[in-house]
Amino acid sequence: MIQLQHVSYNYQRQEVLKDISLSFPIGQIIGIAGENGSGKSTLLKIIAGIQRPRKGTISLYDESLSRRHAADIAYLPDMDLFYSFYTTKELFTFYASQFSDFSIHKALEVANFLEVDVDVKLKKLSKGNRGRAKMAATLGRNTAYYVMDEPFSGLDPIVRESLIKGLIRYTNMEEQSIILSTHELHEVEPILDQLIVLKQGKVIAQDDLETIRFETNQDAVSWMKYVTKEKVN
Amino acid sequence: MVGEGGNEMTQHFTRDKPIYSQLVDIICGDILKGNLQPGDKMLSVREYSLEVGVNVNTVQRVYKELEMMGLTDTKRGQGTFITTEEGRIQHLREDMKVELVTQFIQSIAAFGFSKEEIIQILQRKEESK
């Protein structure tokens with residue numbers, strides 16, 4: 001279980017995250033949505049242990065989280081140019097040297113499933129294929145949590161669908177969780193257990209997807225529009 | 001196998017109903033239409049979740065629901081199978097029939113039609129077949 005308590009983050013004078021308390025259990029796929037600038041990326045970096053909160057605490061299995069806990073969390077950054085001078089295979093070798101939990105075998109299997117040519121330099125690949133290579137490298141790690149910042153952004157629907165299938169196929173919901181931010185809510189909704197909506201650095205809504213449908217007769221997209229409009233401060 | 005009818009990779013869902021209950025309906029339909037026969041082995045939870053592009057937890061809930069409805073049996077180490085007790089499937093048929101008709105009657109009432117005029121139309125449709 002990852003637990004955030006009263007987490008705040010400032011960038012210079014600007015408050016990026018305000019008093020966020022959330023918990024992320026094992027065995028779920030959790031979506032984080034919100035407009036641009038709502039604090040999604042910062043929140044994910046804090047969860048992944050890459051940035052430290054200014055205030056508040058974050059704990060993993062009741063241990064206070066710091067950079068060394070990155071070992072328990074695989075982070076997929078929202079960056080297109082990602083070790084562009086490597087081929088996908090070289091990227092995997094590099095990951096293997098950095099993370100003891102990385103399995104080249106699994107990464108190659110995911111890459112094969114996603115149909116990535118692993119011998120081509122990343123900078124020579126299409127954007128869609130770079131997205132796939134990045135996903136394969138992330139899923140090659142065997143960690144309790146996968147934290148993914150916009151894994152589907154800027155990719156066409158076919159690529160998005162194959163990435164979604166890769167997520168289902170290569171994670172184990174008995175022992176792992178995925179926390180991901182996305183703008184493609186309509187397509188991602190069927191794989192989410194719960195959705196967290198951020199606005200101006202605050203959590204304005206959080207619910208189970210099936211509960212949302214059952215209680216409000218709305219899908220995630222219309223529910224998010226509704227809560228975003230309602231809760232303006 | 002489950003979902004044989006759909007060539008499309010991912011199912012599309014309506015927004016007003018939980019995804020798990022839409023999947024339960026789809027599988028019930030496949031059983032009633034005979035696409036799924038008594039004794040047929042169903043896909044594993046993970047296989048089915050890949051096929052319809054839905055979270056594993058959601059599919060787990062679907063399988064639990066089907067088992068509670070008595071439509072499937074899980075054999076340890078072998079997987080989940082469509083029940084071979086025809087009585088249960090017959091039961092589902094009857095339930096489904098009544099449910100559909102009840103919904104139909106409710107929507108007729110909501111638009112202010114009388115049962116009589118609807119029956120007339122049904123008869124006319126049947127005759128013109």
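Residues numbered from 1 in each chain as written. Chains lettered and ligands numbered in written order. Predicted model: local features only at pLDDT ≥ 70, side-chain atom pairs only at ≥ 80, totals over all residues.

**Student:** Let's hear about the overall build of chain A: which residues, and what values?
**Tutor:** The secondary structure content of chain A amounts to eight helices and ten strands. Rg of the C-alpha trace for chain A: 17 Å, near the compact-globule value of 17 Å for 233 residues, within the 12% margin. Out of the 233 residues belonging to chain A, those deemed buried represent 43%. Across chain A, the fraction of contacts at a sequence separation of at least 24, relative to all contacts at a separation of at least 6, is 70%. (Helix = DSSP H or I, 4+ residues; strand = E, 2+ residues; numbered from the N terminus. Rg over C-alpha atoms; globule rule 2.2 N^0.38 Å. Buried ≥ 20, exposed ≤ 12 C-beta atoms within 10 Å, placed from the backbone. Contact = placed C-beta atoms within 7 Å.)

**Student:** Give me the lowdown on the overall build of chain B, citing residues and values where you can.
**Tutor:** Broken down by element type, chain B carries five helices and two strands. At 18 Å, chain B has a C-alpha radius of gyration far larger than the 14 Å of a compact globule built from 129 residues. In terms of overall dimensions, chain B has a C-alpha envelope of 55 × 35 × 25 Å along the principal axes. Scored against the burial criterion, the 129 residues of chain B give a buried share of 24%.

**Student:** I'd like to hear about the interface of chain A and chain B, residue by residue, with values.
**Tutor:** With 18 residues of chain A in contact, the opposing surface of chain B contributes 16 residues. Listed by contribution, the elements that provide at least two residues to the side of chain A that touches chain B are α5 (157-169) and α7 (209-216) of chain A. Top contributing element to the side of chain A that touches chain B by residue count: α5 of chain A, with five residues. Tallied by class, residues from the side of chain A that touches chain B come to eight nonpolar, three polar and seven charged. (Nonpolar A, V, L, I, M, F, W, Y, C, P; charged D, E, K, R; others polar.)

**Student:** So what about the nonpolar core? Which residues, and what values?
**Tutor:** Formed by 87 residues in total, the largest nonpolar core has its most connected members in L43, I47, A136, V147, I179 and I191 of chain A. By residue number, the principal contributor to this core is helix α1 (residues 19-33) of chain B, which donates six residues. Setting aside anything within four residues of it in sequence, one finds I191 of chain A in contact with I29, I164, L167 and I168 of chain A together with V54 and N55 of chain B. (Core = buried A, V, L, I, M, F, W, Y, C linked by C-beta atoms within 7 Å.)

**Student:** Which residues make up the sheet that holds strand β10 (residues 202-208) of chain A, and what are the values?
**Tutor:** All names here are of chain A. With respect to topology, six strands assemble into an open sheet ordered β6-β7-β8-β3-β9-β10, the strand pairing being mixed. In the strand order of this sheet, the two ends are held by β6 (73-76) and β10, each with one partner. On average, each strand axis in the sheet is inclined to that of its neighbour by 15°, with strand direction left out of account. The pairing of strand β3 (residues 29-34) with strand β8 (residues 177-181) spans four bridges and is classified as parallel. Paired with I29 across the bridge in β8 is I178. Packing against the sheet, α7 makes contact with β9 (194-199) and β10, and its axis sits at approximately 80° to β10. (Pairing = 2+ DSSP bridges. Axes fitted to C-alpha atoms, helices over the stretch in contact; angles between N-to-C directions.)

**Student:** Explain the confidence of the model for chain B to me, and be specific about the residues and the numbers.
**Tutor:** All names here are of chain B. Of the residues in chain B, 91% have a pLDDT of 70 or more, and the chain-wide mean is 88. Taken as a whole, residues 1-9 scores under 50 in pLDDT and shows 16 contacts with residues more than four places along the chain or in a different chain. Reported confidence for the predicted complex is 0.81 by ipTM and 0.86 by pTM. (pLDDT = per-residue confidence, 0-100.)

**Student:** An account of the environment of L198 of chain A is requested, with residue identities and associated values reported.
**Tutor:** Residue and element names in this part refer to chain A. Looking at where L198 falls in the secondary structure, it is placed in strand β9. Classification of L198 as buried rests on a count of 24 C-beta atoms within 10 Å. Through-space distance from the C-alpha of L198 to that of E35 is 7.7 Å; in sequence the pair is 163 residues apart. Excluding anything up to four places from it in sequence, L198 contacts I32, G34, S38, G39, K40, L43 and V203.

**Student:** Give a description of the pairing of strand β7 (residues 145-149) of chain A that names residues and reports values.
**Tutor:** All names here are of chain A. Where burial is concerned, most of β7 is hidden: five out of the five residues are buried. Where burial is concerned, the two faces of β7 agree: the one with Y145, V147 and D149 and the one with Y146 and M148 are both buried. Bridging between β6 and β7 involves four bridges; their strand directions are parallel. Its bridge partner lying in β7, I73 is registered against Y145.

**Student:** I'd love a proper account of the packing of helix α3 (residues 104-113) of chain A against helix α4 (residues 127-139) of chain A, names of residues and values included.
**Tutor:** Residues and elements named next belong to chain A. The geometry of α3 relative to α4 is characterised by a closest axis approach of 8 Å and an angle of 150° between their N-to-C directions. Here α3 is positioned roughly antiparallel relative to α4, judged by the angle of their axes. For α3 against α4, the interelement crossing comes out right-handed. For the pair α3 and α4, the contacting residues are A107, V110 and A111 in the first and A133, A136, A137 and L139 in the second. Looking at the contact of α3 with α4 residue by residue, the class counts come to seven nonpolar, no polar and no charged. (Parallel < 35°, antiparallel > 145°, perpendicular 65-115°, else oblique. Left-handed = near helix turned anticlockwise from the far one by under 90°.)

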